[in-house]
Amino acid sequence: VSGSGKSSLLIDVFAKKYKDKVIVVDQKQLTGMARGNLATYINIFDNIRQVYADKNNLSKRLFSFNSEGACPECKGLGYKKIDMHFMGDVTVKCETCLGNRFKSNVLKYKYNGKTIAETLKMTVDEAVVFFDIPEIIKGLKTLQDVGLGYLQIGQSHDTLSGGEAQRLKLAKQLNKKSGIYILDEPTAGLHSYDIERLLLLINSLVDSGNTVLTIEHNLKFIAQSDWIIDLGPFGGDCGGKIVAQGTPAEIANNKESITG
């Protein structure tokens, strides 16, 4: 039930008490949103820039939109903001770099026939085939594992939905050995196909010896749990009580449980 105390229990109490042992993956906005993208977040952009630098015998800094390679007009953002005073700001594509974020001379250099700007516009699924660098492929496959293969690797954080941002955070944490993951409504906004993929990923985490605690409403997802704690019976002041707990079969046979 919404407002029954799920997040308060897991994130505000449990996660804080065991903060050294827990990885929390929530739906809060990502930091550094204007310049951050998928490649920077999972730490493969340095590898990509190094590939271009080695191929063309140039400095890696030249292939960064935060450094020497940045378009001087938009400072590497790819767009400009127009202050509309009493209305919200409007963003327009930079007329100098046409949204590519780099100086024109940087786009003369290529790797496998593509400029650095063209590479950043590839989807994760396309990039896995394009690159043959193990470190890059490993990072890209974690994005595929969480169902983000359709996104561009240079896509900025501020264009992601809450569910996409959460799965991006999960992708970054997958190789850590924390023992306990807490996921806050990981199925929010997901298609049923992506929920299936997410369940496979979570089951693989559990099979590797991790514990995964989730705050969820999706019954298909809940039914895959080893153990359910049903909070309620209602929200707000009428919530915060354990209505039922047990295996999915036990919850299903509990007449006091709305979830059941």
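Reading the values: the criteria
- Here the residue numbering is sequential within each chain, running from 1 through the sequence in written order.
- Local features in a predicted model are, by the rule used here, given only for residues with pLDDT of at least 70; side-chain atom pairs are given and counted only at 80 or more, and totals for whole chains, interfaces and linings are based on all residues.
- Based on all heavy atoms of the structure, the side-chain values leave hydrogens and waters out of the count.
- Put simply, DSSP H or I for four residues or longer makes a helix, DSSP E for two residues or longer makes a strand, and each gets a number counted from the N terminus.
- Working definition: with a 1.4 Å probe on protein chains only, accessible area under 20% of the residue-type maximum means buried, over 50% means exposed, and in between means partly exposed.
- Residues are treated as being in contact if the distance between any of their heavy atoms lies within 4.5 Å.
- For the accessible areas, the method is Shrake-Rupley and the probe is 1.4 Å, while residue cover comes only from the protein chains on display.
- Charge convention: Lys and Arg are scored as positive, Asp and Glu as negative, and His as well as the terminal groups of each chain are ignored.
- Think of each charge as sitting on NZ of Lys, CZ of Arg, CG of Asp or CD of Glu.
- Salt bridge, as used here, is a side-chain nitrogen of Lys or Arg placed within 4 Å of a carboxyl oxygen of Asp or Glu.
- At least two bridges found by DSSP between two strands are what make those strands a pair.
- Geometry is summarised by axes, namely lines fitted to C-alpha atoms with helices restricted to the contacting stretch, and by angles between N-to-C directions that run from 0 to 180 degrees.
- For crossovers, right-handed means that the path from the first strand over the helix to the second runs clockwise, given strands pointing away from the viewer.
- Only the six-membered ring of Trp is used, alongside the rings of Phe and Tyr, when aromatic pairs are assigned; centres must lie within 6.5 Å, and planes under 30 degrees apart are stacked while those over 60 apart are edge-to-face, with the rest tilted.
- Definition used: whenever NZ (Lys) or CZ (Arg) falls within 6 Å of the ring centre and also within 35 degrees of the ring normal, the charge is taken to sit over that ring.
- Method remark: on a 1 Å grid restricted to protein atoms, a set of points is classed as a cavity if a 1.4 Å probe fits but cannot get out and as a pocket if it is open with protein on both sides within 12 Å along at least five of seven lines; lining residues have an atom within 4 Å of a point.
- Grid points are joined across faces, edges and corners, and a volume is the space filled by probe spheres set on the points.
- As a working rule, the residues Ala, Val, Leu, Ile, Met, Phe, Trp, Tyr, Cys and Pro are called nonpolar, Asp, Glu, Lys and Arg charged, and the rest polar, with Gly in that last group.

Draft legend 1. Representation of the overall build of the chain. Helix and strand content of the chain: ten helices and seven strands. Within the chain, buried positions represent 43% of all 260 residues. Long-range contacts, defined as pairs at least 24 residues apart, comprise 59% of the intrachain contacts of the chain with a sequence gap of at least 6. Of the roughly 14300 Å² that the chain leaves accessible, carbon and sulfur atoms contribute 51%. Distance between charge centroids for the chain: 7 Å, based on 32 positive and 29 negative side chains.

Draft legend 2. Representation of the pattern of salt bridges. Scanning all chains against the criterion turns up five salt bridges. With a shortest N-O distance of 2.4 Å, Glu-73 and Lys-80 are connected by a salt bridge. The exposure class of Lys-80 is partly exposed, given its relative accessible area of 33%. Where Glu-196 meets Lys-220, a salt bridge forms, and the shortest distance between an N and an O atom there is 2.8 Å. You can see Glu-196 sitting in helix H8 (residues 192-207) and its partner Lys-220 sitting in helix H9 (residues 219-222), a full 24 residues away along the chain. A relative accessible area of 41% places Lys-220 in the partly exposed class.

Draft legend 3. Seen up close, the sheet that holds strand S4 (residues 180-184). What the three strands build is an open sheet, ordered S1-S4-S5; its pairing is parallel. Strands at the two margins of the open sheet, each flanked by one partner only, are strand S1 (22-25) and strand S5 (211-215). In this sheet, adjacent strand axes meet at a mean angle of 15 degrees when their direction is disregarded. Sheet analysis places S1 next to S4, joined by four bridges and oriented parallel. Looking at the pairing, Val-24 lines up with Ile-182 of S4. Taken strand by strand, helix H7 (residues 162-173) contacts S1 and S4, and its axis lies near 170 degrees from that of S4.

Draft legend 4. Structural detail: the pairing of S5. Note: S4 against S5, five bridges, orientation parallel. The residue of S5 that forms the bridge with Ile-182 is Leu-213. For the crossover that starts at S4, traverses H8 and ends in the parallel S5, the hand is right-handed.

Draft legend 5. Region of interest: the packing of aromatic side chains. This structure, assessed with the given rule, holds nine aromatic pairs. Where Phe-45 meets Phe-65, the ring centres are 5.6 Å apart and the plane angle is 25 degrees; that geometry is what we call stacked. Residue Phe-45 is found in helix H3 (residues 45-56), and its partner Phe-65 is found in the loop between H3 and strand S2 (79-82); the two are separated by 20 residues along the sequence. For Phe-45, a relative accessible area of 6% corresponds to the buried category. On the accessibility criterion, Phe-65 (0% relative accessible area) is buried. Consider the rings of Phe-130 and Phe-131, whose centres lie 5.0 Å apart with planes at 85 degrees: the pair is edge-to-face. A single burial state applies to Phe-130 and to Phe-131, both of which are buried. Taken together, the ring pairs connect Tyr-52, Phe-63, Tyr-109, Tyr-111, Phe-130 and Phe-131 into an aromatic cluster. Between the NZ or CZ atom of Arg-101 and the centre of the ring of Phe-65, over which it lies, the distance is 3.8 Å.

Draft legend 6. Focus on the layout of surface pockets. Volume-wise, the largest pocket comes out at about 900 Å³. Secondary-structure elements contributing two or more residues to the lining of the largest pocket are helix H1 (6-17), H8, S5, H9 and strand S6 (228-232). Sort the elements by how many residues they give to the lining of the largest pocket and S5 lands first, with five residues. Partitioned by chemical class, the residues of the lining of the largest pocket number 18 nonpolar, eight polar and four charged. Considered as a void within the structure, the second largest pocket measures approximately 400 Å³ in volume. As for the second largest pocket, its lining consists of 19 residues, and the residues nearest its centre are Leu-77, Gly-99, Arg-101, Lys-121 and Gly-154. Classifying every residue of the lining of the second largest pocket by side-chain character gives seven nonpolar, eight polar and four charged.

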